[in-house]
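Chains, contacts and geometry: an overview
Take a look at the letters that make up each chain.
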Amino acid sequence: MANKRELHKQEPFYKQAKKEGYRARSAYKLLDIQKRFNIFKRAFYILDLGCAPGSWLQVAKKFAEENLEKYKDQFYYRDHYKIIGIDIKKVSPIENINTIKADLTKLEIKEQIDSYFRAKLDIILSDASIKKIGNKFTDHIRQLNLCYNILGIVKNNLKYKGNAVIKAFQGSDFDTFAKEMKSIFRFLKSYKPKASKKKSNEIYLIGLQKK
Ligand SMILES: C[S@@+](CC[C@H](N)C(=O)[O-])C[C@H]1O[C@@H](n2cnc3c(N)ncnc32)[C@H](O)[C@@H]1O
């Protein structure tokens, strides 16, 4: 019988990622979110929390580069992009992207973000997930604690009208977090992308247009 690793390799999104040069199948979750909510519109300054191995960074870079060509008009436009990815794990380098090996819950990270961008961000992404221990309730609460830390960064560093994506796990306290996130955005959507595994309780909260 095939083991978990072998089954993962037979999975269609895994195969597609290999073929298209993405570092992880998670790329298709972000591409799906983009297709549905157009979160990268005019995004030049981008932060990706929990970024290893880097497929969301690859997707973010693709849209930032497209935006440089697409939005040369009188509205909000920059002639360059800046992307930072943060993870406790090391990320192999990606050209023009700054990666920091650090725990996003630590205070020092805020200074590093501020000093690199020296401006508010257009979009903040988080696919960060805790290491599951297998108890659904405990994992849900631990993940929400991480989400509250991420929301703190969103509150401080995201620009007016900016967008954010945060991964949570469904469970009893999900609505309380969603309500808190909703309070800082004009619109809040929750979405389970097609590439999310059916049995997974992960769900993405998408905040559109920060107030
Ligand atoms: C599902 S993976 C992210 C995959 C990534 N979006 C991609 O497409 O390559 C979740 C990541 O969150 C990171 N993570 C979890 N807690 C973290 C923390 N406190 N600080 C930084 N990274 C964290 C993990 O190390 C892990 O690499």
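Relevant structure appears above.
1. Some remarks on the site of the ligand
Taken together, 23 residues lie around the ligand, and Ser26, Gly50, Ala52, Ser55 and Asp127 are the ones closest in. Residues of the shell around the ligand, tallied by class, amount to twelve nonpolar, six polar and five charged.

2. Section: the packing of helix α3 (residues 27–37) against helix α4 (residues 55–70)
One can describe the packing of α3 onto α4 by two numbers: an axis separation of 8 Å at closest approach and a directional angle of 35 degrees. With respect to the hand of their crossing, α3 and α4 are arranged in right-handed fashion. Of the residues in α4, those touching α3 at Ala27, Leu30, Leu31 and Gln34 are Ser55, Trp56, Gln58, Val59 and Phe63.

3. Examining the nonpolar core
Ranked by size, the top nonpolar core spans 53 residues in total, and within it Ile46, Ala60, Ile123, Ile124, Ile150 and Ile166 carry the most contacts. When residues in this core are grouped by element, the largest group, seven residues, is from helix α6 (residues 136–157). Residues within four places of Ile124 in sequence aside, it is in contact with Leu47, Ile153, Val154, Asn157, Leu158 and Ala164.

4. Remarks on the pairing of strand β7 (residues 202–210)
Pairing geometry for strand β5 (residues 158–169) and β7, over six bridges, is antiparallel. Paired with Ile166 across the two strands is Leu205, which belongs to β7. When strand β6 (residues 185–191) meets β7, the two strands line up antiparallel, connected through six bridges. Bridge pairing in β7 places Ser190 opposite Leu205.

5. Examining the sheet that holds strand β1 (residues 45–49)
Taken in spatial order, the seven strands make up an open sheet running β3-β2-β1-β4-β5-β7-β6, and their pairing is mixed. Each having just a single partner strand, β3 (98–101) and β6 make up the two edges of the open sheet. Pairwise comparison of adjacent strand axes, ignoring direction, gives a mean angle of 15 degrees for this sheet. α6 rests against β1, β4 (121–126) and β5 of the sheet, and its axis sits at about 170 degrees to β5.

6. Here we look at the pairing of strand β2 (residues 82–87)
Burial of β2 is extensive: five of the six residues sit out of reach of the surface. At this point the chain moves from β1, through α4, to the parallel β2, and the crossover so formed is right-handed.

Thresholds applied
- Residues numbered from 1 in each chain as written.
- Predicted model: local features only at pLDDT ≥ 70, side-chain atom pairs only at ≥ 80, totals over all residues.
- Near = placed C-beta within 6 Å.
- Nonpolar A, V, L, I, M, F, W, Y, C, P; charged D, E, K, R; others polar.
- Axes fitted to C-alpha atoms, helices over the stretch in contact; angles between N-to-C directions.
- Helix = DSSP H or I, 4+ residues; strand = E, 2+ residues; numbered from the N terminus.
- Left-handed = near helix turned anticlockwise from the far one by under 90°.
- Contact = placed C-beta atoms within 7 Å.
- Core = buried A, V, L, I, M, F, W, Y, C linked by C-beta atoms within 7 Å.
- Buried ≥ 20, exposed ≤ 12 C-beta atoms within 10 Å, placed from the backbone.
- Pairing = 2+ DSSP bridges.
- Right-handed = clockwise from strand over helix to strand, strands pointing away.

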